[in-house]
Amino acid sequence: MRLPQLGDLDPLSRTALEAARRAAAPAPIYAVGGYVRDLLLGRRNVDIDLVVEDDAIAVAGRLAHALKAVVTPHPRFGTAHLRLPDGRRLDLATARSERYPHAAALPEVQPAPLLADLLRRDFSINAMAARIDRHRFGPLIDSLGGLQDLERGRIRALHEQSFIDDPTRLFRTARFEGRYRFIIARSTLRLMKAAVKGGAIGHLAGSRIFRELHLVAQELSAPRIIWRLRNLGVLTAVHPTLTLPAAAFGLLERVRQVLSQAPSLPLPENAAEGEALLLGMLYLLHPKTVITVLKRLTPPHRIAERLAADHKACRNAAQKLTRAVDFRQSRIARLLDPLSPEARVVLLAVLTKGSARDAVSRYVTTSWRIVPLLKGEDLHRLGLKPGPIYRRTLAALRAARLDGRLHTKEEETSFVLQRFVRGRLRH
Ligand code: CTP
């Protein structure tokens, strides 16, 4: 495994790194952390992590100017975050050492040499650096055995206190294990179990846990990762009622499978994938339990409300569908139209076979976007007075189209004339 040349990177990364070198000069600037790890693995990682043994916020200001990026400084940590014009992130930090005033607290930081900065990190594979030179990376700085661990596929924590200081690392370990199919070093696993048993997660703010779970949920191997966290007792340490029954694993795998069949599914953005997975994780829990768990996790208000509502709606729809005998698309649409795209994905994963599944599958892949060919102005032309009747007429048209009773504009027109216009004239 070796680092690429700057010239082998995509043009935008290369431009950003070269501009960063110029913005920091004459101080050296280093690529670090997950960015270096993924460069060595030959894996695409568009988020760039840089460290300077200097004032990172001042360097970030110059760099933001050169790259036309938006900069957000965090003076408390001596870091700055840049959002590049194409949406990528670039993090720039002053090399620092950390002290945790108490378990799970945010650290107090102090400028320190690069080697101390590497030592404060979570795992050896995330504790390598490479100076950015003109046109190339300098030699790999690997004083903690990161490269060997990366080559062996091993996740190894750097110090005994790691998971106590920062219990979010429990989630990170499982995430990297699942993502790269690595093995957790035995000594690290022991530290993890001790931290869970010692109540480390109890000290973590809910919003930090939610953030970690949301990151987990966006991984391709989210089901395995969630399962690992469950088996390590991390989830019940988050809240004792977060006990996933054995069937939850299969459900999560099916959610992942349904998501991988997108883009034929109406998933508007990537972030929704994470929410579908979280909904899948919560699905088998009682609605009251879900509320309790969400109270502990304190997700952003909008997400909490949506998860709770989706959970309820999705379970209701599943219950109705398992008892249903009429699977016409108009009926399915009535049930599924109000559901969010994520809830539809989970519903599809819940229904493993039978007519209900076929009908939902058809709805999710095609029917949801079927609308009548006639529009409001057509109804007006046909003599209908604007009012609530429009909504009813369009709903009736859509239902008939969904059930294959109407195909053309002419058919829709005579449907409206017969059912609504002439009907109205008679009354
Ligand atoms: N880090 C750490 N402890 C944490 C979070 C981060 O030591 N709890 C360090 C690691 O060196 C990590 C780097 O900060 O590589 C950057 O963090 P982040 O961007 O969150 O993680 P990545 O390792 O880049 O992971 P991902 O690929 O998921 O973005």
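Residues numbered from 1 in each chain as written. Predicted model: local features only at pLDDT ≥ 70, side-chain atom pairs only at ≥ 80, totals over all residues. Heavy atoms only, no water.

**Considering the overall build of the protein chain**
Check the secondary structure of the protein chain and you find 21 helices and eleven strands. Along the first, second and third principal axes, the C-alpha atoms of the protein chain reach 90 × 50 × 35 Å. For the protein chain, the residues scored as buried account for 50% of the 427 residues in total. In the protein chain, once contacts between residues fewer than 6 apart in sequence are set aside, the share between residues at least 24 apart is 66%. With an accessible surface of roughly 20900 Å², the protein chain has 53% of that area assigned to carbon and sulfur atoms. Across the protein chain, the 69 positively charged side chains and the 41 negatively charged ones have centroids separated by 7 Å. (Helix = DSSP H or I, 4+ residues; strand = E, 2+ residues; numbered from the N terminus. Buried < 20%, exposed > 50% of the residue type's maximum accessible area, 1.4 Å probe, protein only. Contact = heavy atoms within 4.5 Å. Areas by Shrake-Rupley, 256 points an atom, 1.4 Å probe, with all protein chains shown as cover. Lys, Arg positive; Asp, Glu negative; His and termini not counted. Charge placed at Lys NZ, Arg CZ, Asp CG, Glu CD.)

**Let's talk about the layout of surface pockets**
If you add up the space inside the second largest pocket, you get close to 220 Å³. Here the lining of the second largest pocket gets three residues from one element, more than from any other, and that element is helix 2 (residues 33-41). For the lining of the second largest pocket, the class distribution of residues is five nonpolar, three polar and six charged. (1 Å grid on protein atoms, 1.4 Å probe; cavity = no way out; pocket = protein on both sides within 12 Å on 5 of 7 lines; lining within 4 Å. Points joined across faces, edges and corners; volume = space filled by probe spheres on them. Nonpolar A, V, L, I, M, F, W, Y, C, P; charged D, E, K, R; others polar.)

**Examining helix 2**
In terms of residue burial, helix 2 counts as a mostly covered element, since eight of its nine residues are buried. Listing the buried residues of helix 2 in full gives Gly-33, Gly-34, Tyr-35, Val-36, Arg-37, Asp-38, Leu-39 and Leu-40. In the segment just after helix 2, Gly-42 is the residue with positive phi, at about 70°.

**Brief notes about the pattern of salt bridges**
It is possible for side chains bearing opposite charge to pair when their charged atoms get close. By the definition in use, this model includes 27 salt bridges. Arg-306 is the salt-bridge partner of Glu-275, the closest N and O atoms lying 2.1 Å from each other. Placement of the pair is Glu-275 in helix 13 (residues 271-282) and Arg-306 in helix 15 (residues 301-323), with a sequence separation of 31 residues. Between Arg-381 and Asp-378 there is a salt bridge whose closest N-O contact spans 2.8 Å. Residue Arg-381 and its partner Asp-378 are located together in helix 19 (residues 376-381), separated by three residues, close to a single helical turn. For Arg-381, a relative accessible area of 61% gives the class exposed. (Salt bridge = Lys/Arg side-chain N within 4 Å of Asp/Glu carboxyl O.)

**Quick look at the environment of Asp-310**
Its location among the elements puts Asp-310 in helix 15. With 31 residues separating them along the chain, Asp-310 and Leu-279 place their C-alpha atoms 7.6 Å apart. Leave out the neighbours within four places in its chain, and Asp-310 touches Leu-279, Ser-340, Glu-342 and Ala-343. A polar contact is formed between the side chain of Asp-310 and the side chain of Ser-340, at a distance of 2.8 Å. (Polar contact = N/O pair within 3.5 Å; in protein donor to acceptor, adjacent residues only side chain to side chain.)

**Concerning the nonpolar core**
Leu-50, Phe-137 and Leu-347 are the most contacted members of the largest nonpolar core, which totals 114 residues. Broken down by element, this core gets its largest block of residues, seven residues, from helix 15. Residues from two domains meet in this core; each of domain 1 (6-153) and domain 2 (238-369) gives at least three. Residues contacting Leu-347, with those up to four places away along its chain left out, are Cys-314, Ala-317, Ala-318, Leu-321, Leu-336, Leu-339 and Val-360. Counting 13 residues, the second largest nonpolar core, distinct from the first, contains Leu-379, Ile-389, Tyr-390 and Phe-415. (Core = buried A, V, L, I, M, F, W, Y, C linked by side-chain atoms within 4.5 Å. Domains from an automatic or database assignment.)

**Quick look at unusual backbone geometry**
Between Ala-25 and the following residue, Pro-26, the backbone shows a cis peptide bond with an omega angle of 10°. Phi is positive for His-135, which is not a glycine, with a value near 70°. Relative to the helices and strands, His-135 is located in the loop between strand 8 (129-133) and strand 9 (136-141). Exposure remark for His-135: the relative accessible area of 47% places this residue in the partly exposed category. Of note in this structure, Arg-181 is not a glycine but carries a positive phi near 55°. Relative to the elements of secondary structure, Arg-181 occurs in the loop between helix 7 (168-180) and strand 11 (183-184). Under the relative-accessibility criterion, Arg-181 is labelled exposed at 53%.

**Focus: the domain arrangement of the protein chain**
Taken domain by domain, the protein chain holds domain 1 (6-153), domain 2 (238-369) and domain 3 (376-426). Once you take the C-alpha centre of each, domain 2 and domain 3 turn out to be 33 Å apart. Opposite the nine residues of domain 2 that make contact, domain 3 presents four residues. Together domain 2 and domain 3 conceal approximately 460 Å² of surface at their shared face, both sides included; 44% is due to carbon and sulfur atoms. On the domain 2 side of the contact with domain 3, Gln-329, Ser-330 and Ser-367 bury the most area, a combined 55% of that side's loss. Between Arg-398 and Asp-337 there is a salt bridge, and its shortest N-O distance comes to 2.6 Å. In this assembly, domain 2 and domain 3 are joined by three residue pairs in polar contact (both at pLDDT 80 or more). Listing elements by their share of the side of domain 2 that touches domain 3, those giving two or more residues are helix 16 (329-336) and helix 18 (354-365). Looking at the side of domain 2 that touches domain 3 element by element, the count peaks at three residues for helix 16. (Buried area = accessible area lost by both parts, 1.4 Å probe.)

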